[in-house]
Amino acid sequence: MRKLDISGLDVLSLMRFDACTRCGECTSTCPTGGEAQDIELVTPRGKILKLKEFCRMQYGLRAKLLGPKDIPEAQLRELASRSYECTICGQCKTVCPAHLDTISMWENMREFLVANGLGPMEAHAQIVKSIENYGNPWMQPRTQRSRWAKRIETEVKTKDVLKEKCEVLYFVGCTAAYDPNIRDMAENTARVLVNAGVDFGTLGNDEGCCGSTLLRTGLQESAKKMVEKNIELFERASPSLIVTSCAGCFKTIKQDYPKMGVVRPKVVHVTQLVNELLDSGRLRLDKRVEGTATFHDPCHLGRHNGLYDEPRRILEAVPGLRLVEMERNRAEARCCGAGGGVKTAFPDLAQKVSALRVEDAERSGADMLVTSCPFCYQSLKAGLEAKPSRVSMHDLMELVSMACSHG
Amino acid sequence: MGIYSSSLIQARMSGRYLKDRLALYLLFLAAVVAFSAIVLLLPYETVYVSERSYLELFLAVVIACVAVFVLGTMYNMLVWMSGKGLHGSPEGRLLRLLPRAFRFLVRGRLWKATAVFAKDALYLSKLKERSASRWSMHLLILGGFISMFVLDIISTISLDILHYAPMIEEDGWAKLWIRDFGFDFAGTMMLAGLLIAAGRRFVLKPKIVRTELPDAVSLLFLLAVVVGGFVLEGIGIAGGISGHEANHEYSFLGYALSLAMPGSWGAYYDQIWLVHGLMSALLIAYIPFSKLFHMVATPIAIEADRTSPKAVGSP
């Protein structure tokens, strides 16, 4: 008989299983379980009830009195697979009337699945291997990490914080550093920082994956190694501020790193820094960027970190740009479908979810869909191209860079 | 490592584990004995039922059901305590946590915790924004349930301990407004909420509602207890049972029902009183094993979430 080990589940998670009222508020707005597939087991309520049932079968009063019951392996495997169909977007946390912190529940649930040999999914294995061997999920050599900086070295001098002391450490992140379609994100961020006169540098080729992918898929132990290595680099560089342009890196460094080590510098997302630079007058946006833009709130920036106003204030500061909202915005924003390892393990599902968000953008009347996360950018751009749509995809720093006086 | 792995069995068989386990069961036993003593020592001079053996049977079942409730709750909490984040055996963790939680609450946190409970668990601030109908439904059920519980405590203390005359006399203000009107009002709140819930679950069937046996049983159990209470009151009024002889309009819903009941039904008042009492007691015992346990778990989870240390940078 297979005995489930629940010692990896947080006390609070186990408490929350009982606190779920089964109301189903989370089921209709769940992007993967409710909206894209309509499969109860993928929804928060479905997962909670099934896992609770399994826990009771082996740990409840009846199990104490009559002995634990066997849980069919197929049912366990199905729960695990369905659990990995969740993007951990946090929409369920927004709507839960019982105030359950579902984000930490799902992350903890994956940790539990890994501990019981039920996770991650096979498709994640390659990414995990790549992160462990190359320090990035894209199977790219470490030496290519700072290639983006070389492309713009004539206009922007990017310092190496491990060699030169800098006020600000720009943590680029794997996707912006390696994906040729998103490299502009790193380049434009660097341009904006230079334009505002920010003394910044990067970790160059020494920068490692932030560990977000590992943490979201439940591989805490593997992530710990990456986290410790990056924290060591932060200590060596000792900047006063760490800025990220990736919402996933931001969440990870700001929320997860302090659980595993000490991060002395303040950690901000680039939207927070740029917003401050605009307020203080260090950054001026003079050039007009004509168009109507709508902002897609990345889950890791919005629901996970409560940053909703900063990107909107930046967009409003861009001359010529008109900001319109999608019907579902801020805490209610639909997920792009890529997070939580879904795009890797279930690409078709990710595409279905991104198509829904693309429709949201089209309905808003905008001609530009703007976001501030490389993963959302990738996913939504693919969704726009698949349609095809009249709406174009943009990174927020791209628009800021266009509006900067440097041209 | 599974629960029955050899290393864990070794740990569980250790002296410390056995000591924790024994201490927890002694605590449980002490709680049940204390509750039994209170229940058995009260005189019940003003209880409506005339057959003393029915009252004694009811009290015995209440004690047994409360013991099952406490035991079920304890085992649910032991499952919580099996998770990570604390040290020692689940029994030891729970033993250490109970006095800490108590101290935490009484040291100035009680009002804050009560305010959070009132806003997030009782008033359901979040649900109000999303669905007015479901918010009203839940508020009616929970509000009625809590009011009924508070009224029960007030009545028991004033009747059986203080022997407060206005609560006993047929036209006393407390009898009219608390025992007659108060209970009817709280019961009506619950009934209205439960009927909305039943209508949603069994007639309208919106997509988000998932009806399985535990959902249906919980709802029907509550409905049976509440409706049973009004039927009992109606029979009491119709049959002119002691305590139901005058000022019927204060017991507005029971009185309305009594109009449709023949006075002869009063002959079965004691039996129906016992059935209603036993069902109410069984409902208490059922709570830890049903979805109704969220009444206990949700406020605790909200408070635990609010007060547990967060990582730096959490929103």
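Being a predicted model, the structure only gives us computed values, none of them experimental.

Definitions and limits used
Residues numbered from 1 in each chain as written. Chains lettered and ligands numbered in written order. Predicted model: local features only at pLDDT ≥ 70, side-chain atom pairs only at ≥ 80, totals over all residues. Heavy atoms only, no water. Helix = DSSP H or I, 4+ residues; strand = E, 2+ residues; numbered from the N terminus. Buried < 20%, exposed > 50% of the residue type's maximum accessible area, 1.4 Å probe, protein only. Contact = heavy atoms within 4.5 Å. Areas by Shrake-Rupley, 256 points an atom, 1.4 Å probe, with all protein chains shown as cover. Lys, Arg positive; Asp, Glu negative; His and termini not counted. Charge placed at Lys NZ, Arg CZ, Asp CG, Glu CD. Axes fitted to C-alpha atoms, helices over the stretch in contact; angles between N-to-C directions. Parallel < 35°, antiparallel > 145°, perpendicular 65-115°, else oblique. Nonpolar A, V, L, I, M, F, W, Y, C, P; charged D, E, K, R; others polar. 1 Å grid on protein atoms, 1.4 Å probe; cavity = no way out; pocket = protein on both sides within 12 Å on 5 of 7 lines; lining within 4 Å. Points joined across faces, edges and corners; volume = space filled by probe spheres on them. Core = buried A, V, L, I, M, F, W, Y, C linked by side-chain atoms within 4.5 Å. Domains from an automatic or database assignment. Buried area = accessible area lost by both parts, 1.4 Å probe. Salt bridge = Lys/Arg side-chain N within 4 Å of Asp/Glu carboxyl O. Polar contact = N/O pair within 3.5 Å; in protein donor to acceptor, adjacent residues only side chain to side chain. Disulfide = S-S within 2.5 Å. Pairing = 2+ DSSP bridges. Right-handed = clockwise from strand over helix to strand, strands pointing away.

Explain the overall build of chain B to me, please; I cannot follow it from the model alone.
On a plain count of helices and strands, chain B comes out with twelve helices and zero strands. What you see in chain B, going N to C, is helices and strands ordered as α-α-α-α-α-α-α-α-α-α-α-α. Overall size of chain B, expressed as C-alpha extent along the three principal axes, is 70 × 45 × 40 Å. Relative to its 315 residues, chain B shows a buried fraction of 44%. Counting contacts in chain B only where the partners sit at least 6 residues apart, residues at least 24 apart contribute 70% of the total. For chain B, the accessible surface area stands at approximately 16200 Å², while carbon and sulfur atoms represent 71% of it. Here chain B contributes 28 positively and 22 negatively charged side chains, and the mean placements of these two sets differ by 21 Å.

Would you mind going over the packing of helix α19 (residues 347-363) of chain A against helix α20 (residues 374-386) of chain A with me for this structure?
For any two helices packed against each other, the geometry is given by the interaxial angle and the distance between the axes. Residue and element names in this part refer to chain A. Packing of α19 against α20 leaves a shortest axis separation of 8 Å and a crossing angle of 75°. If you check the angle between α19 and α20, you find them roughly perpendicular. On α20, the residues that touch Gln351, Ser354, Arg357 and Val358 of α19 are Ser379, Leu380, Gly383, Leu384 and Ala386. Grouping the constituent residues of the contact of α19 with α20 by class yields four nonpolar, four polar and one charged.

Help me understand the layout of surface pockets, please; the structure alone is not making it clear to me.
The gaps of empty space that remain are located by a probe, the size of a water molecule, rolled over the atoms. Roughly 860 Å³ of volume is contained in the second largest pocket. Every residue lining the second largest pocket is counted, 30 residues in all, and those nearest its centre are A:Lys52, A:Glu53, A:Arg56, A:Arg62 and B:Phe289. For the lining of the second largest pocket, the secondary structure elements donating two or more residues are α1 (11-19), α4 (44-59) and α5 (61-66) of chain A. Take the lining of the second largest pocket: its biggest share by element is seven residues, from α4(A).

I tried to follow the nonpolar core on my own but got confused; where do I start?
Nonpolar side chains tend toward joint burial in soluble globular proteins. Residue and element names in this part refer to chain A. With 89 residues, the main nonpolar core has Trp148, Phe234, Val274, Leu283 and Val400 as its most contacted residues. No other element matches helix α14 (residues 220-237), which puts seven residues into this core. Taken domain by domain, the makeup of this core includes at least three residues from each of domain 2 (123-277) and domain 3 (283-403). If we ignore the near neighbours within four places in the chain, the residues touching Val400 are Val192, Val274, Leu283, Leu285 and Ile314. Ranked by size, the runner-up nonpolar core spans 79 residues in total, among them Phe17, Tyr84, Ile103 and Phe112.

Would you take a moment to explain unusual backbone geometry for this structure?
Among all residues except glycine, the phi angle is most often negative; among peptide bonds, the trans geometry is most common. The peptide bond linking A:Gly119 to A:Pro120 adopts the cis configuration, its omega dihedral lying at -5°. Along the chain, the position of A:Pro120 falls in the loop between α8 (102-115) and α9 (122-134). For A:Arg22, which is not glycine, the phi dihedral falls at a positive 65°. Here A:Arg22 shows up in the loop between α1 and α2 (25-29). At B:His163, a position not held by glycine, the phi torsion is positive, near 50°. Relative to the helices and strands, B:His163 resides in the loop between α6 (132-161) and α7 (165-168). Judged by its relative accessible area of 40%, B:His163 falls in the partly exposed class.

What should I look at first to understand the domain arrangement of chain A in this one?
How big an interface is tends to be expressed through the accessible area that disappears when the partners come together. Residue and element names in this part refer to chain A. Structurally, chain A comprises domain 1 (6-119), domain 2 (123-277) and domain 3 (283-403). Between the C-alpha centres of domain 1 and domain 2 the distance comes to 32 Å. At the interface, seven residues of domain 1 touch seven residues of domain 2. Here domain 1 packs against domain 2, burying approximately 590 Å² in sum over the two surfaces, 51% of which is carbon and sulfur. Applying the counting criterion to the domain 1 and domain 2 interface returns two salt bridges. Put simply, Lys251 and Glu107 hold a salt bridge, and the shortest N to O gap is 3.4 Å. Run the count over domain 1 and domain 2 and you get four residue pairs in polar contact (both at pLDDT 80 or more). Here the side of domain 1 that touches domain 2 is built from residues that sort into four nonpolar, no polar and three charged.

Looking at this structure, I do not really get the interface of chain A and chain B. What am I missing?
Facing 52 residues of chain A, the contacting portion of chain B comprises 46 residues. Buried surface at the junction of chain A and chain B, both sides included, amounts to about 4300 Å², of which 57% is carbon and sulfur. Per-residue buried area on chain A facing chain B is highest for A:Met15, A:Arg22 and A:His99; these three make up 16% of the total on that side. Between chain A and chain B we count nine salt bridges in total. A salt bridge links B:Lys84 to A:Glu111; the shortest N-O distance between them is 2.5 Å. At the surface where chain A touches chain B, the tally comes to 20 residue pairs in polar contact (both at pLDDT 80 or more).

Explanation requested: the packing of α1(A) against helix α3 (residues 52-80) of chain B in the structure shown.
It is the contact of α1(A) with α3(B), at a shortest axis distance of 8 Å, that shows an interaxial angle of 140°. Viewed along their axes, α1(A) and α3(B) adopt a mutual orientation that is oblique. Every residue of α3(B) that contacts α1(A) at A:Val11, A:Leu14, A:Met15 and A:Asp18 is listed here: B:Asn76, B:Val79 and B:Trp80. In terms of residue class, the contact of α1(A) with α3(B) is built from five nonpolar, one polar and one charged.

I keep staring at the state of the cysteines and nothing clicks. Help me out?
Covalent bonding between the sulfur atoms of two cysteines is what defines a disulfide. Residue and element names in this part refer to chain A. Under the criterion given, the structure shown has zero disulfides over all chains. You can see Cys30 has no disulfide; the closest cysteine sulfur is in Cys86, sitting 6.4 Å from it. Residue classification places Cys30 among the buried residues on the basis of a relative accessible area of 10%. Of all cysteine sulfurs, the one in Cys92 lies closest to Cys86, which takes part in no disulfide; the gap is 6.3 Å.

Any chance you could explain the environment of A:Asn195 here in plain terms?
Mapped onto the elements, A:Asn195 comes out in helix α12 (residues 183-195). Along the primary structure A:Asn195 and A:Leu9 are separated by 186 residues, whereas in three dimensions their C-alpha atoms are 47 Å apart.

Where do I start with the pattern of salt bridges in this structure?
Residues and elements named next belong to chain A. Per the counting criterion, the structure on display carries 48 salt bridges over all chains. Across the pair Glu164 and Lys157 runs a salt bridge whose closest N-O atoms are separated by 3.5 Å. Residue classification places Glu164 among the partly exposed residues on the basis of a relative accessible area of 34%. The salt bridge involving Arg216 is made with Asp256; its shortest N-O contact spans 2.7 Å.

Help me understand empty space enclosed by the protein, please; the structure alone is not making it clear to me.
All names here are of chain A. In this structure the tally under the stated criterion is five cavities of 30 Å³ or more. The volume enclosed by the largest cavity comes to roughly 100 Å³. As for the largest cavity, its lining consists of 14 residues, of which Cys20, Cys23, Cys26, Cys96 and Leu100 are closest to the centre.

What am I meant to see in the environment of A:His99 here?
By secondary structure assignment, the location of A:His99 is in the loop between α7 (91-95) and α8. Since its relative accessible area comes to 23%, A:His99 is described here as partly exposed. For the pair A:His99 and A:Arg16, spaced 83 residues apart in the sequence, the C-alpha separation amounts to 9.4 Å. Contacts of A:His99, omitting those with residues within four sequence positions, involve B:Asp120, B:Ser125, B:Lys126, B:Ile302 and B:Asp305.

Where do I start with the pairing of strand β8 (residues 368-371) of chain A in this structure?
Residues in a regular strand point their side chains to alternate faces of the sheet. Residue and element names in this part refer to chain A. With burial as the criterion, each face of β8 is covered, one bearing Met368 and Val370 and the other bearing Leu369 and Thr371. Note: strand β6 (residues 291-295) against β8, three bridges, orientation parallel. For Phe295, the partnering residue across the bridge sits in β8 and is Val370. For β8 and strand β9 (residues 392-395), the ladder comprises four bridges, and the chain directions are parallel. Residue Val370 lies in a different strand from β9, and its bridge partner there is His394. In this region the chain leaves β8, passes through α20 and returns to the parallel neighbour β9; the handedness of that crossover is right-handed.

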